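# An overview of the molecular structure
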Amino acid sequence: MQRITVIGAGNVGATCANVIAHKDLAKEVVLIDIKEGIAEGKALDIWQTAAINHFNSRVTGVTNDYLKTKGSGVVVITSGVPRKPGMSRDDLIKTNAGIVKEVTEKVVKYSPDAIIIVVSNPLDVMTYAAYLASNKPSNKVFGMAGILDTGRYRSFLANALDVAPVDIHGLLLGGHGDTMVPLPRYTAVNGIPVTQLLGKDELDKIVERTKKGGGELVNLIGTSAWYAPGAAAAQMVEAIVDDQNRVFPVCALLNGEYGLKDVYLGVPVKLGKNGIEEIIQIDLDKDEKELLKSSSESVKKVMKILDDMKLF
Ligand code: APR
């Protein structure tokens, strides 16, 4: 790919650009921020690792100059404020909605064909805001949460079982928050159902820790996490650029799938060169359906706050 842009050169954006460059996914990776010098500096720092770490993607940093992002094939939006201890992701909406709207409009102006991946929180509603601002079909505008949440879940399971994290396959559905829907019966260690390897109590504890995984890090660091979020967004970029048709939980606009409509929610999808190639519908039991429905309702409450802001 010729060009990939990452908006926001803060913790998540810079990490994401770093991973994208290391994977050599584009000729040029553009990092853009509103704070003078930050994107330029971080881009230069990343580019100075190219000779050491063997990659060739040029990394460019710019302050607010969207002309430099022109013709990007994929754009990752991380601009906005992160959580501080005591805040929920939903507390960020007032600040981040305006930022996401503004940057999406600029992105689309210069890169009308770009696939947009949103990372800014509150994720499900910020993805909806980008969708509204972009006027693009929803298979081209979606959000990163599921790979991160599943990554956390898999890391906790890897510790509990003392096995390689890559051998653990699992799915988490629903909103990016405390109402996410973990599915232990769809979790396996190289095909072995995890329910045969761990007792219910231990699994329940891991599920609870996963749900609050972001908050655990906010409390430890004083701001929200960046290594795993940045890497997770870069993995989505890779699936698109290399047309991999990988199956990931992604925050996608539902249009009747899972009996839900007009809401962005984490569901399994196939990711390839067109963005979301397909939303995969898996069987859910009664309890799981209920959990997904209540997750959708809590996302809709935050969507209502967005609607009341009358930005669109
Ligand atoms: N255009 C471009 N960049 C912007 C804009 C804008 N309109 N507004 C803010 N930014 C930049 C800030 O200058 C800052 O450098 O976004 C960057 C955000 O970086 P951090 O404060 O380090 O936040 P980060 O941890 O990267 O989180 C960013 O991702 O995971 C989510 O909850 C998190 O919403 C937050 C977002």
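Residues numbered from 1 in each chain as written. Predicted model: local features only at pLDDT ≥ 70, side-chain atom pairs only at ≥ 80, totals over all residues. Heavy atoms only, no water.

## Notes on the sheet that holds strand β10 (residues 188-189)
Taking strand neighbours across the sheet as the criterion, the three strands line up as β7-β10-β11 in an open arrangement whose pairing is antiparallel. Edge positions in the sheet fall to β7 (168-169) and β11 (192-193), since each has one partner strand and no second. (Pairing = 2+ DSSP bridges. Helix = DSSP H or I, 4+ residues; strand = E, 2+ residues; numbered from the N terminus.)

## Topic: helix α1 (residues 11-22)
With 12 residues, α1 should cover 16 Å at 1.5 Å per step; its first-to-last C-alpha distance of 17 Å lies within 8% of that length. Within the sequence span of α1, burial applies to Val 12, Gly 13, Ala 14, Thr 15, Cys 16, Ala 17, Ile 20 and Ala 21. Close packing links the buried residues of α1 with β1 (3-7), β2 (28-33), α2 (38-47), β3 (58-63), β4 (74-77) and α9 (227-241). Downstream of α1 by one or two residues, Asp 24 has phi in the positive range, about 55°. (Expected span 1.5 Å × (residues − 1). Buried < 20%, exposed > 50% of the residue type's maximum accessible area, 1.4 Å probe, protein only. Contact = heavy atoms within 4.5 Å.)

## Side note on the packing of aromatic side chains
Inspection of every chain in the model, using the stated rule, returns four aromatic pairs. Seen in terms of ring centroids, Tyr 131 and Tyr 264 are 5.9 Å apart; in terms of plane orientation they differ by 65°. Their pairing is edge-to-face. In this pair, Tyr 131 is assigned in helix α5 (residues 123-134) and Tyr 264 in strand β13 (residues 261-272), connecting sequence segments 133 residues apart. With relative accessibility at 23%, the residue Tyr 131 sits in the partly exposed group. One aromatic cluster in this structure is built from Tyr 128, Tyr 131 and Tyr 264. (Phe/Tyr/Trp six-rings, centres within 6.5 Å; stacked < 30°, edge-to-face > 60°.)

## Comments concerning the domain arrangement of the protein
Assigned domains of the protein: these are domain 1 (3-143) and domain 2 (146-309). Here the C-alpha centre of domain 2 lies 21 Å away from the C-alpha centre of domain 1. With 38 residues of domain 1 at the interface, the matching set in domain 2 holds 43 residues. Buried surface at the junction of domain 1 and domain 2, summed over both partners, amounts to about 3500 Å²; 71% is from carbon and sulfur atoms. Our count for the contact surface shared by domain 1 and domain 2 stands at one salt bridge. Between Lys 23 and Glu 238 there is a salt bridge; the shortest N-O distance is 2.9 Å. (Domains from an automatic or database assignment. Buried area = accessible area lost by both parts, 1.4 Å probe. Salt bridge = Lys/Arg side-chain N within 4 Å of Asp/Glu carboxyl O.)

## Considering the site of the ligand
Surveying the vicinity of the ligand reveals 21 residues, the closest of which are Asn 11, Val 12, Asp 33, Thr 78 and Asn 121. A distance of 2.6 Å separates an oxygen atom of the ligand from a polar atom in the side chain of Asp 33. Contact with the protein chains hides 90% of the accessible area of the ligand, taken as 730 Å² for the molecule alone. Breaking the shell around the ligand down by element, the ones donating at least two residues are α1 and α4 (93-110). (Near = heavy atom within 4 Å. Polar contact = N/O pair within 3.5 Å; in protein donor to acceptor, adjacent residues only side chain to side chain. Areas by Shrake-Rupley, 256 points an atom, 1.4 Å probe, with all protein chains shown as cover.)

## A look at the packing of α4 against α5
Remark: α4 packs on α5, axes separated minimally by 8 Å, with the N-to-C direction vectors making an angle of 35°. Handedness of the α4/α5 crossing: right-handed. For the pair α4 and α5, the contacting residues are Ile 93, Asn 96, Ala 97, Val 100, Lys 101, Thr 104, Glu 105 and Val 108 in the first and Val 125, Met 126, Ala 129, Ala 130, Ala 133 and Ser 134 in the second. Counted by class, the contact of α4 with α5 contains nine nonpolar, three polar and two charged residues. (Axes fitted to C-alpha atoms, helices over the stretch in contact; angles between N-to-C directions. Left-handed = near helix turned anticlockwise from the far one by under 90°. Nonpolar A, V, L, I, M, F, W, Y, C, P; charged D, E, K, R; others polar.)

## Describing the side chain of Thr 15
By the element assignment, Thr 15 lies in helix α1. Excluding residues that lie within four positions of it along the chain, Thr 15 makes contacts with Trp 226, Tyr 227 and Gly 230.

## As for the environment of Pro 184
Position of Pro 184 relative to the elements: it lies in the loop between β9 (181-182) and β10. A sequence separation of 22 residues divides Pro 184 from Ile 206, and the C-alpha atoms of the two residues are 10.0 Å apart. Apart from residues no more than four positions distant in its own chain, Pro 184 is found in contact with Tyr 153, Val 194, Thr 195, Leu 203 and Val 207.

## Re the pairing of strand β5 (residues 115-118)
Side chains Ile 115 and Ile 117 of β5 all project onto a buried face; the interleaved residues Ile 116 and Val 118 project onto the opposite face, where all are buried too. Two strands pair when backbone bridges link them, and β4 and β5 are joined in this way by four bridges, in the parallel orientation. Residue pairing in the sheet places Val 75 in a bridge with Ile 116 of β5. Relative to strand β6 (residues 141-143), β5 is paired through three bridges, and the arrangement is parallel. Residue Ile 117 lies in a different strand from β6, and its bridge partner there is Phe 142.

## As for the nonpolar core
With 87 residues, the main nonpolar core has Ile 20, Ile 117, Phe 142, Val 237 and Leu 271 as its most contacted residues. Here this core takes eight residues from α9, the largest share from any one element. Split by domain, the residues of this core number at least three in each of domain 1 (3-143) and domain 2 (146-309). Not counting chain neighbours up to four residues away, the residues in contact with Ile 20 comprise Ile 4, Val 6, Leu 25, Val 29, Ser 57, Ala 234 and Val 237. Core analysis: the next-biggest nonpolar cluster, separate from the first, contains 14 residues, Ala 158, Leu 172, Ile 206 and Val 207 among them. (Core = buried A, V, L, I, M, F, W, Y, C linked by side-chain atoms within 4.5 Å.)

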